[in-house]
Amino acid sequence: MQFDLLKSFVFEQLEKNLATTLYYHGAHHTLYVYNAALKIAEHENVSGDDLVVLMTAVLLHDFGFLETYN
């Protein structure tokens, strides 16, 4: 997987296509969670494939809101 391409794609989609009525679950929220997860991962010595899996989950945790919000 090319993580940097995924990261760019996710943020681009969230910024362009997320419903404007979603004030909390936006690109800003994903960026906040992303940065917080990096800090926690560093503190907990998460690296390698484990870090890639963690950060992929962080990037995609609100991605479904592009399709539907319930």
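Quantities reported herein were computed from a predicted structural model and do not represent experimental measurements. (Residues numbered from 1 in each chain as written. Predicted model: local features only at pLDDT ≥ 70, side-chain atom pairs only at ≥ 80, totals over all residues. Heavy atoms only, no water.)

A separate point is unusual backbone geometry. For residues besides glycine, phi is generally negative; the peptide bonds are generally trans as well. In this structure, Asn45 takes a positive phi of about 60° despite not being glycine. Along the polypeptide, Asn45 turns up in the loop between α2 (27-43) and α3 (48-60). (Helix = DSSP H or I, 4+ residues; strand = E, 2+ residues; numbered from the N terminus.)

Another point: α2. Owing to its 3.6 residues per turn, the α-helix brings residues three or four apart onto one side. Here α2 contains 17 residues, and its C-alpha end-to-end distance of 24 Å stays within 8% of the 24 Å for a straight helix at 1.5 Å per residue. If you follow the buried residues of α2, they end up packed against α1 (3-17) and α3. Downstream of α2 by a residue or two, Asn45 has a phi angle that is positive, lying close to 60°. (Expected span 1.5 Å × (residues − 1). Contact = heavy atoms within 4.5 Å.)

The subject of this paragraph is the pattern of salt bridges. Overall, the coordinates contain 1 salt bridge when judged by the stated rule. A salt bridge links Glu12 to Lys16; the shortest N-O distance between them is 3.6 Å. Linking Glu12 with Lys16, this pair stays in helix α1, spanning 4 residues, or about one helical turn. Note on Glu12: relative accessible area 38%, which makes it partly exposed. When its relative accessible area of 62% is taken as the criterion, Lys16 is described as exposed. (Salt bridge = Lys/Arg side-chain N within 4 Å of Asp/Glu carboxyl O. Buried < 20%, exposed > 50% of the residue type's maximum accessible area, 1.4 Å probe, protein only.)

Note that all results are geometric; they support no functional claim without further evidence.
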